Amino acid sequence: MTQAENAHDDIPEMPRDVRVRFCPSPTGTPHVGMIRTALFNWAEARHTHGTFVFRIEDTDAHRDSEESYDQILDALHWLGIDWDEGLEVGGPDGPYRQSERSEIYADVAKRLLEAGYAYESYSTSEEIEARNVAAGRPKAFGYDGYDRDLSDEQKAAFRAEGRKPALRVRMPDEDVAFDDLIRGRIEFKAGSVPDYVIVRPNGDPLYTLTNPVDDAMMRINVVLRGEDLLSSTPRQIVVYRYLMKLGVAKEMPLFGHMPYVMGKGKKKLSKRDPESNLFLHRDHGFIREGLLNYLALLGWSIAPDRDVFSMEEMVEHFDVSDVKANPAHFDIDKAISINAEHIRMLEPQDFLNRSVPYLHRDGVVSADSWDALTDREREVLQAAAPLVQPRVRLLGEVSGMVASLLSGEEYIEPAPDARKQLKDSAADVLDRTIAALEGVDDAAWSTDSLHELLDRVLVEEGGIKPRLAFGPIRVAVSGRRVSPPLFESMAIIGKPLTLARLRGLRAHL
């Protein structure tokens, strides 16, 4: 394979009526690379006012699963990636699951065979390897074209042995070249791609047949997919040429191959890497706006000096020709930072609505929806939202920030890192604080008055440094080293509970 040095000189123009597709295989949990592919296709369709088709490639009965199929749908619905034709919404070119299109593939395969574009191949993998070794080639060199010109007598002899043929595509004796939307001119030299199987001996069609047939029949004219599929593109182009001659396809689609997503150690991000697991990110508390924003940066940017943007802005600016060919590196810290920006941009009530399922999961509140919470829970959370929302990066962090505000416990066991923060002066600080707060009227129990009182008693009169003065109080009230603002937290939980927690920590020093 050769690739142009100045790729953008060879970028073809997009068709007027763009039709793109997302066609995952339901094998395993949805991963960030899969969703990045869906996102870029969706953005291109929305930017060009084109059509986004969603289908499932589920012809591998040994690997495909309904659980994975349901998870893919769940992921797209959660992220708000919608489609115009395909599963659930219908369309003129269904069915949209390959497992329901077997008659279509059988018919096309028969026509390719009858036209001479495909041929019967009886060679076993062991025979192919043996011929390679005998010819002085590497054992795993690949198929040698042995069955290309079998006579009718030879075929009959193989059938008499009980053999069933696979179908292979007859590759042309010429270079296969195309202009990639991202990488420019790419050429595969003649002979570099052997004749390949499109139908197994048992009659099952392979990806090499089903994918281009579906694209042709669904009139897909722009194919945006991962770089890992680049090696299969000459196969698709050759099948497409034959499909066009048969009248199955009207035109050759444009191809664009998106860059690899790399993980730690400059290795390709594997499906098995935790950072690749889409639902793990959701479990940690990524919101769709933040995660989609970061995935968009894996090969594309809205501007050189801007990382945070909405999906509406992405749609407005997206152009597949701006996607970079170089590998993109998944940086979890940057992803979390961008997610934090989007959390801060949420309306307060939206922030609370999205946080409640995480709070319920962590046993902090009584229900998993805002309307089902108790009056007290809603009251506390509304008071806490302005304190917490600017400080969390993931919705999964909200529980740790508000648990102490919602709890009625009179003593909260400090977290290990919080207890380490307590110095020898902690007992004196707590004694002075308890004495000062006991005299505060309920009506005067407010953020400003508490701050003013304790600043005077502990810092000004007691000569205690602020870090040492307020650290023990924070640990007593929240059990944490980092919490929502201290005096606001004391105002929310009230005088009796604040004093009880101060006395509780004092007793456990």
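Being a predicted model, the structure only gives us computed values, none of them experimental. (Residues numbered from 1 in each chain as written. Predicted model: local features only at pLDDT ≥ 70, side-chain atom pairs only at ≥ 80, totals over all residues. Heavy atoms only, no water.)

K.L.:
Any chance you could explain the overall build of the protein chain here in plain terms?
P.N.:
Along the protein chain, the regular secondary structure elements total 20 helices and 13 strands. Scaling as 2.2 N^0.38, a compact globule of 509 residues should have a C-alpha radius of gyration of about 23 Å, whereas the protein chain reaches 31 Å, well beyond that. Here the protein chain holds 509 residues, and the buried ones make up 50% of them. Partitioning the contacts of the protein chain with sequence separation of at least 6, the portion at a separation of at least 24 is 75%. Counting every atom, the protein chain has about 23700 Å² of accessible surface; 48% of that belongs to carbon and sulfur. Side chains of the protein chain carry 63 positive and 85 negative charges; the gap between the two charge centres is 4 Å. (Helix = DSSP H or I, 4+ residues; strand = E, 2+ residues; numbered from the N terminus. Rg over C-alpha atoms; globule rule 2.2 N^0.38 Å. Buried < 20%, exposed > 50% of the residue type's maximum accessible area, 1.4 Å probe, protein only. Contact = heavy atoms within 4.5 Å. Areas by Shrake-Rupley, 256 points an atom, 1.4 Å probe, with all protein chains shown as cover. Lys, Arg positive; Asp, Glu negative; His and termini not counted. Charge placed at Lys NZ, Arg CZ, Asp CG, Glu CD.)

K.L.:
What exactly am I supposed to notice about the sheet that holds strand 5 (residues 118–121) here?
P.N.:
Neighbouring strands of a sheet are bound in pairs by backbone hydrogen bonds; such pairs are parallel or else antiparallel. With respect to topology, three strands assemble into an open sheet ordered 5-6-9, the strand pairing being antiparallel. Each edge of the open sheet is held by one strand with a lone partner, namely strand 5 and strand 9 (197–199). In this sheet, neighbouring strand axes are inclined to one another by 45° on average, regardless of whether the strands run parallel or antiparallel. Bridge count for strand 5 against strand 6 (residues 166–169) is four bridges, and the pairing is antiparallel. Looking at strand 6, one finds that Ala-118 is bridged to Val-169. (Pairing = 2+ DSSP bridges. Axes fitted to C-alpha atoms, helices over the stretch in contact; angles between N-to-C directions.)

K.L.:
How do you make sense of the packing of aromatic side chains when you look at a structure like this?
P.N.:
Centre-to-centre distance and the angle between the planes together describe a pair of aromatic rings. Evaluated as defined, the whole model comprises ten aromatic pairs. Consider the rings of Phe-178 and Phe-255, whose centres lie 5.8 Å apart with planes at 65°: the pair is edge-to-face. Separated by 77 residues along the polypeptide, Phe-178 in strand 7 (residues 176–180) and Phe-255 in strand 11 (residues 254–258) bring together distant segments of the chain. Seen from their ring centres, Trp-300 and Phe-318 are 5.4 Å apart, and the 50° between their planes marks the pair as tilted. Here Trp-300 is found in the loop between helix 9 (288–296) and helix 10 (311–317), whereas its partner Phe-318 is found in the loop between helix 10 and strand 13 (328–329), with 18 residues between them in sequence. Its relative accessible area of 2% is what places Trp-300 among the buried residues. Given a relative accessible area of 0%, Phe-318 falls into the buried group. By way of ring pairs, the aromatic residues Phe-40, Trp-300, Phe-309 and Phe-318 are connected into one cluster. Across from the ring centre of Phe-40, 5.6 Å away, lies the NZ or CZ of Arg-36, which sits over that ring. The residue whose ring lies beneath Arg-168 is Tyr-143, and the NZ or CZ to ring-centre distance is 3.6 Å. (Phe/Tyr/Trp six-rings, centres within 6.5 Å; stacked < 30°, edge-to-face > 60°. Lys NZ or Arg CZ within 6 Å of the ring centre and 35° of its normal.)

K.L.:
Please clarify how the nonpolar core should be interpreted in this entry.
P.N.:
Nonpolar side chains tend to gather and get buried jointly when the protein is soluble and globular. Of all hydrophobic cores here, the largest spans 94 residues; its most connected members are Leu-39, Ile-81 and Met-314. No other element matches helix 1 (residues 32–48), which puts nine residues into this core. Setting aside residues up to four positions removed in sequence, Ile-81 forms contacts with Ile-35, Ala-38, Leu-39, Trp-42, Phe-52, Leu-76 and Leu-292. Grouped together as the second largest cluster of nonpolar side chains are 55 residues, Ile-464, Ala-469, Leu-486 and Leu-502 included. (Core = buried A, V, L, I, M, F, W, Y, C linked by side-chain atoms within 4.5 Å.)

K.L.:
Would you explain the pattern of salt bridges in this entry?
P.N.:
Side chains that differ in sign of charge can pair as their charged atoms come close. Within the structure shown, the criterion is met by 40 salt bridges. Of the charged contacts, one joins Arg-97 and Glu-66 as a salt bridge, the two residues approaching to 2.6 Å between their closest N and O atoms. Residue Arg-97 is found in the loop between strand 4 (85–86) and helix 3 (102–114), and its partner Glu-66 is found in helix 2 (residues 66–79); the two are separated by 31 residues along the sequence. The class for Arg-97 is buried, based on a relative accessible area of 13%. Where Glu-227 meets Arg-183, a salt bridge forms, and the shortest distance between an N and an O atom there is 3.2 Å. Of this pair, Glu-227 sits in the loop between strand 10 (222–226) and helix 7 (233–246) while Arg-183 is found in the loop between strand 7 and strand 8 (184–188), placing the two residues 44 residues apart along the sequence. (Salt bridge = Lys/Arg side-chain N within 4 Å of Asp/Glu carboxyl O.)

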